[in-house]
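Survey of secondary and tertiary structure
Read off the chains here:
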Amino acid sequence: MAQQSCVLLQNKNSLLPLARDIRSVAVVGPFAESKAELLGTWTLDGQAEDVTSIIEGIRETVSQQTRVIGGGMHPESAVAMAQEADAVIAVLGEHPTRSGEAATFSNIGLPPGQLEMLSQIAQFEIPVVCVVLAGRALAIEPLRRFADAVLYCFHPGIEGGRAL
C-alpha cells in the first residue's frame, strides 16, 4: 500500500529506480531518519519502533557494496554529505503536526530552509531524488528546478522506508 500511494511527479532521464549497485548514495534532509513522522497525523496506535525509516529502507535495498551516507538533517551537513555521493535522496516535507485538524498555515510551500538546502545540493551536478512527505497538498513546483526526480509519498506508514 505504501508503494502504491506514492506519486511520481518527475523522473528526468529515467533516474528512478536507482540502481541497487550504485557506489554511494546520500540520504539527507529533515526526515531521512524519521520514524514516528512517517505514521502521519491520523495514526491512533502506531508505534515509532515499528517503523522502518527511509534511510533504513535504502540500506536494506541497495547492495552490500553501496555506501549509504546519511543523517544529514541539517542543511550544512546535508550539503557536505551530498558532495561525497553519486546520488542524493533528499527527504523533505512537513512534520505531521502541520496537517490535519487545527493545523492552519498561510503558506503551503515547504518549511523554511528545505528548498535552499536542495538548491545548494543541486549545484554539485549529481542526480537528486526529492522525496516529499506531507499530510496535505503542498506547493512544490520549485523543487522541479533542483531535483531530477520528485516522489510525493504523503506519510507512508510503518513500511514507508522499505516501500521507497
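Structural data are supplied above this passage.
Below, the structure is looked at part by part. (Residues numbered from 1 in each chain as written. Predicted model: local features only at pLDDT ≥ 70, side-chain atom pairs only at ≥ 80, totals over all residues. Heavy atoms only, no water.)

Within the protein chain one finds 6 helices and 6 strands. Expected size for 164 residues packed as a compact globule is a radius of gyration near 15 Å; at 15 Å, the protein chain falls within 12% of this value. With the C-alpha coordinates of the protein chain rotated into their principal frame, the extents come out at 45 × 30 × 30 Å. Here the protein chain, with 164 residues, has 47% of them falling under the buried criterion. (Helix = DSSP H or I, 4+ residues; strand = E, 2+ residues; numbered from the N terminus. Rg over C-alpha atoms; globule rule 2.2 N^0.38 Å. Buried < 20%, exposed > 50% of the residue type's maximum accessible area, 1.4 Å probe, protein only.)

Here Ser99 shows up in the loop between β4 (87–93) and α4 (114–122). Here Thr41 takes part through its side chain, which lies 3.1 Å from a polar atom of the side chain of Ser99. (Polar contact = N/O pair within 3.5 Å; in protein donor to acceptor, adjacent residues only side chain to side chain.)

So, about helix α2 (residues 54–61). Here α2 has its buried residues at Ile54, Ile55, Gly57 and Ile58. Buried residues of α2, viewed axially, fall in a sector of 160 degrees; they line one side. (Arc of directions from axis to C-beta.)

For the coordinates displayed, the defined rule picks out 0 disulfides. Cys130 forms no disulfide, and the closest cysteine sulfur to it belongs to Cys153, at a distance of 9.8 Å. The exposure class of Cys130 is buried, given its relative accessible area of 0%. (Disulfide = S-S within 2.5 Å.)

Everything listed is a geometric property; what it means functionally is a separate question.
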